[in-house]
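Chains, contacts and geometry: an overview
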Amino acid sequence: QVRLVESGGGLVQPGGSLRLSCVASGMNFKLYAMNWYRQTPGKQRELVASITSDHKRNYVDSVKDRFTISRDNVRTTLYLQMNSLAPADTAVYYCNTKYRDYQVWGRGTQVTVSS
């Protein structure tokens, strides 16, 4: 069974940084593209960043130059380094992959940016 477990969220002041982690199990991690999504109440889940199996990265415009997605295939872990955080980044952040024919989601980790 494929499982994704996020961690690293919390409360941070504007301008601060956080690093999210997502540990994957039950899959050959290095073969799959991985994504970070976020969601706020009443809004659709938004794709924030993605990384392919060969480490090509894409970002939504609002986080470019502030967030960095990376992966460690030995540790089967996906990361999201978030810098210069703003209140608009407050959301639940989810790790995601498409494994064979279905989407796999973690339970999410809350990020709150507030003074």
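Along each chain, numbering runs from 1 in the same order as the chain's sequence is written. The predicted origin of the model limits local features to residues at a pLDDT of at least 70 and limits the giving and counting of side-chain atom pairs to 80 or more, whereas totals for whole chains, interfaces and linings rest on all residues. Note: side-chain values were computed over all heavy atoms of the structure, leaving out hydrogens and water.

A few points about unusual backbone geometry
- For Thr76, which is not glycine, the phi torsion reads 45° and is therefore positive.
- By the criteria applied, helices consist of DSSP H or I runs no shorter than four residues and strands consist of E runs no shorter than two, each listed in order from the N terminus. Within the fold, Thr76 resides in the loop between strand 7 (67-72) and strand 8 (77-82).

A few points about the side chain of Asn96
- In this fold, Asn96 is placed in strand 9 (residues 91-99).
- Reaching out from Asn96, the side chain makes a polar contact with the side chain of Asn35 at a distance of 2.8 Å.
- Polar contacts here mean pairs of N or O atoms no more than 3.5 Å apart (in protein, one a potential hydrogen donor and the other a potential acceptor; neighbouring residues in sequence count only if both atoms are side-chain atoms). A polar contact of 3.0 Å, which involves the side chain of Asn96, links it to the side chain of Gln103.

Regarding the state of the cysteines
- Cysteine sulfur pairs qualify as disulfides if the two atoms are within 2.5 Å. Applying the stated rule across the entire model yields one disulfide.
- Here Cys22 is linked by a disulfide to Cys95, with a sulfur-sulfur distance of 2.1 Å. Residues Cys22 and Cys95 are joined through a disulfide that is left-handed, its torsion about the S-S bond being -75°. Here Cys95 lies in strand 9 and Cys22 lies in strand 3 (residues 18-25), a separation of 73 residues in the sequence. Each of the two residues, Cys22 as well as Cys95, counts as buried. Three exposure classes are used, based on accessible area relative to the maximum for each residue type with a 1.4 Å probe and protein chains only: buried under 20%, partly exposed in between, and exposed over 50%.

Some remarks on the side chain of Thr77
- Structurally, Thr77 is set in strand 8.
- We call two residues contacting when some pair of their heavy atoms lies within 4.5 Å. If near-sequence neighbours (up to four positions away) are discounted, Thr77 is found in contact with Ser21, Cys22, Val23, Phe29, Ser70, Arg71 and Asp72.

Considerations on the sheet that holds strand 7
- Two strands pair if DSSP finds at least two bridges between them. Reading across from one edge, 1-3-8-7 is the order of the four strands in this open sheet, with antiparallel pairing throughout. The two strands at the open ends of the sheet, each matched to only one other strand, are strand 1 (3-7) and strand 7. Averaged over all pairs of adjacent strands, the angle between strand axes in this sheet comes to 15°, irrespective of strand direction.
- In this structure, strand 7 lies alongside strand 8, joined through six bridges in antiparallel fashion. Counted as the bridge partner of Ile69 is Leu80 from strand 8. Here an axis means a line fitted to C-alpha atoms, over the contact stretch when the element is a helix, while the angle between two N-to-C directions is reported on a 0 to 180 degree scale.

Some remarks on the pattern of salt bridges
- Salt bridge criterion: a side-chain nitrogen from Lys or Arg within 4 Å of a carboxyl oxygen from Asp or Glu. Here the structure, examined in full by the defined rule, presents six salt bridges.
- A salt bridge links Asp72 to Arg75; its shortest N-O distance comes to 2.9 Å.
- What makes Asp72 buried here is its relative accessible area of 17%.
- Three or more residues are tied together by salt bridges with common partners; here these are Arg38, Glu46, Arg66 and Asp89.

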